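Commentary on secondary and tertiary structure
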Amino acid sequence: MTRIEFHFNAPERLQYACRLLRKAHGRSLRVGVVGAQATLRQLDAALWTFSATDFLPHSTTANPTDIQQASAILLSPSTTDLGTLDVLLNLGDDVPEGFERFERLIEIVAMDDHSRMCARQRWKHYTAQGYDLLQHDLSKVSAS
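A short tour of the structure in this document, coming up. (Residues numbered from 1 in each chain as written. Predicted model: local features only at pLDDT ≥ 70, side-chain atom pairs only at ≥ 80, totals over all residues. Heavy atoms only, no water.)

Remarks on the overall build of the chain
In terms of helices and strands, the chain carries four helices and seven strands. Going residue by residue from the N terminus, the α and β elements of the chain occur as β-α-β-α-β-α-β-β-β-α-β. Along the three orthogonal principal directions, the C-alpha set of the chain runs to about 40 × 30 × 30 Å. For the chain, buried positions account for 44% of its 144 residues. (Helix = DSSP H or I, 4+ residues; strand = E, 2+ residues; numbered from the N terminus. Buried < 20%, exposed > 50% of the residue type's maximum accessible area, 1.4 Å probe, protein only.)

Re the pattern of salt bridges
Per the stated rule, a full pass over the model turns up four salt bridges. Across the pair R22 and D54 runs a salt bridge whose closest N-O atoms are separated by 3.0 Å. Of the two residues, R22 sits in helix α1 (residues 13-26) while D54 sits in the loop between α2 (37-49) and β3 (58-60), which places them 32 residues apart along the sequence. Residue classification places R22 among the partly exposed positions, given a relative accessible area of 28%. Several salt bridges converge on common partners, so that one network encompasses R3, E5 and R104. (Salt bridge = Lys/Arg side-chain N within 4 Å of Asp/Glu carboxyl O.)

Points about the layout of surface pockets
Quantified by volume, the second largest pocket comes out at close to 170 Å³. Lining the second largest pocket are 14 residues, with V34, P77, S78, V95 and P96 positioned closest to its centre. Among the residues forming the lining of the second largest pocket, the class breakdown is five nonpolar, six polar and three charged. (1 Å grid on protein atoms, 1.4 Å probe; cavity = no way out; pocket = protein on both sides within 12 Å on 5 of 7 lines; lining within 4 Å. Points joined across faces, edges and corners; volume = space filled by probe spheres on them. Nonpolar A, V, L, I, M, F, W, Y, C, P; charged D, E, K, R; others polar.)

Structural notes on helix α4 (residues 113-128)
For α4, spanning 16 residues, the distance from its first C-alpha to its last is 23 Å, which sits close to the expected 22 Å at 1.5 Å a residue. Listed as buried for α4 are S115, C118, A119, R122 and Y126. The buried residues of α4 occupy one face: seen down the axis, they fall within an arc of 105°. Opposite the packed face of α4, turned more than 90 degrees from it, sit the exposed residues D113, R120, K124 and A128. On its buried side, α4 packs onto β1 (3-10), α1, β5 (87-90), β6 (104-110) and β7 (133-137). N-cap assignment for α4: the residue whose side-chain oxygen lies 3.2 Å from the backbone N of H114 is D112. (Expected span 1.5 Å × (residues − 1). Arc of directions from axis to C-beta. Contact = heavy atoms within 4.5 Å. Polar contact = N/O pair within 3.5 Å; in protein donor to acceptor, adjacent residues only side chain to side chain.)

Some details on the environment of Q15
Mapped onto the secondary structure, Q15 falls in helix α1. Note on Q15: relative accessible area 28%, which makes it partly exposed. Put simply, Q15 and L43 are 28 residues apart on the chain and 8.4 Å apart in space, counted from C-alpha to C-alpha. Once residues within four sequence positions are removed from consideration, Q15 is found in contact with A46 and F50.

Structure representation (structure tokens):
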């Protein structure tokens, strides 16, 4: 069963996503990131600029297959374009279709009302499906 984690109260959602992706890459995990195209473009830019010393190999599903296979992080608007990966990171508003095939799903929830409302709906969906959810309140714990 997929392990689902909610990371609440992310003050800077994309910066937090970059730190999580750096941590996953350090553990040799392959991660798929889903979300709206605009969000994925912003994340792509952030991955190039968030650290002067770290390079996080990433690509999009629009890149050639060999580049996708060489990338530890794959950005896609849909899970249907993602192959076999260890972790799914959801930056979208909805429950990602096919999340069940991933070992782990991470939901990052920003502090604004819209983000919280959408997260509540996803939370209800997962609990109705019988998932035990883990929660991390980022306002109480600093993430690295």
